[in-house]
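Here is how the chains run, residue by residue.
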Amino acid sequence: MTARLCVFDKIRLRRAQRGDRRATDGVLRELLPMIRRTLYRMASCEAELDDLCQEALVQIATSLPSFRGDSELGSWAHRVAIRSAWKFLRARNNVIVFQPPGSSEVASDGPGRMVARTELARLETSLTKLPAEQRIVFVMRDVQGMTAVETAELLEIPSGTVHSRLRAARQKLGELWHPEIGKERKNEMSPKQHGGKA
């Protein structure tokens, strides 16, 4: 959806808020591409992305009557989608399903783009290995560029929890990208490495 609603969109939005199903479908159709982009890296596989989008659209549709227009519809829908995704992932008990790379949105024309595509696919694969609560915080903070306060408010968790989950996510991703770091950490923590007690 564009930054500002045109007159037609405002009329359709009002109709949707009054329960007009056709108008609601139109609003949701316009929001869907933005919702999919928002939730893309929060999902661990294509099927989960579809589930997250479905849940988000249902939540947006049922919440439309409460939209007061204090912010842009797209911004409001973005917040609703993230909250919906977080609740859905929590309810699923943080089950992670492996997502094979290959669905990245980076074009593959030229060697530089191929490297970018490979790195993006590697990041996407690594993200699927994070627990859902770490993955969603990492995506909100480091991919979408949200502040810790915004992330905490959307997820309804303390800022300190955002920081600790982000730190854990970054550490885990670092170990996945550079396995030697993980091995060094394990060796440092192992008392047997230094002959028992220090």
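Our structure's up above, just so we're on the same page.
What counts, and at which threshold
- Residues numbered from 1 in each chain as written.
- Predicted model: local features only at pLDDT ≥ 70, side-chain atom pairs only at ≥ 80, totals over all residues.
- Heavy atoms only, no water.
- Axes fitted to C-alpha atoms, helices over the stretch in contact; angles between N-to-C directions.
- Helix = DSSP H or I, 4+ residues; strand = E, 2+ residues; numbered from the N terminus.
- Parallel < 35°, antiparallel > 145°, perpendicular 65-115°, else oblique.
- Left-handed = near helix turned anticlockwise from the far one by under 90°.
- Contact = heavy atoms within 4.5 Å.
- Nonpolar A, V, L, I, M, F, W, Y, C, P; charged D, E, K, R; others polar.
- Phe/Tyr/Trp six-rings, centres within 6.5 Å; stacked < 30°, edge-to-face > 60°.
- Buried < 20%, exposed > 50% of the residue type's maximum accessible area, 1.4 Å probe, protein only.
- Expected span 1.5 Å × (residues − 1).
- Core = buried A, V, L, I, M, F, W, Y, C linked by side-chain atoms within 4.5 Å.

Caption draft 1: Examining the packing of helix α3 (residues 46–63) against helix α4 (residues 73–91) more closely. Contact pair α3 / α4: the axes reach a minimum separation of 8 Å and the direction vectors enclose 125°. One finds that α3 runs oblique with respect to α4. The crossing of α3 and α4 is right-handed. Counted together, Glu48, Asp51, Leu52, Glu55, Ala56, Gln59, Ile60 and Ser63 of α3 and Trp76, Ala77, Val80, Ala81, Ser84, Ala85, Phe88 and Leu89 of α4 form the full contact between these two elements. For the contact of α3 with α4, the per-class residue count stands at ten nonpolar, three polar and three charged.

Caption draft 2: Here's a closer look at the packing of aromatic side chains. Scanning the entire structure with this criterion turns up one aromatic pair. When the centroid spacing of 5.1 Å and the interplanar angle of 50° are considered together, the rings of Phe67 and Trp76 count as tilted. Residue class for Trp76 comes out buried when judged on its relative accessible area of 12%.

Caption draft 3: Summary view of α3. The end-to-end C-alpha distance of α3, which contains 18 residues, comes to 25 Å, matching closely the 26 Å that a straight helix rising 1.5 Å per residue would cover. Looking at α3, one finds that the buried residues are Glu48, Leu49, Leu52, Cys53, Ala56, Leu57, Ile60 and Ser63. The inward-facing, buried residues of α3 abut α2 (21–39), α4 and α6 (132–143).

Caption draft 4: Focus on the nonpolar core. The biggest cluster of nonpolar side chains holds 48 residues, and the ones touching the most others in it are Ile35 and Leu39. Among the secondary structure elements, those contributing two or more residues to this core are α1 (7–17), α2, α3, α4, α6, α7 (148–155) and α8 (159–177). A per-element tally of this core places α4 first, with ten residues. Setting aside anything within four residues of it in sequence, one finds Leu39 in contact with Leu49, Leu52, Cys53, Ala56, Ala81 and Ala85.

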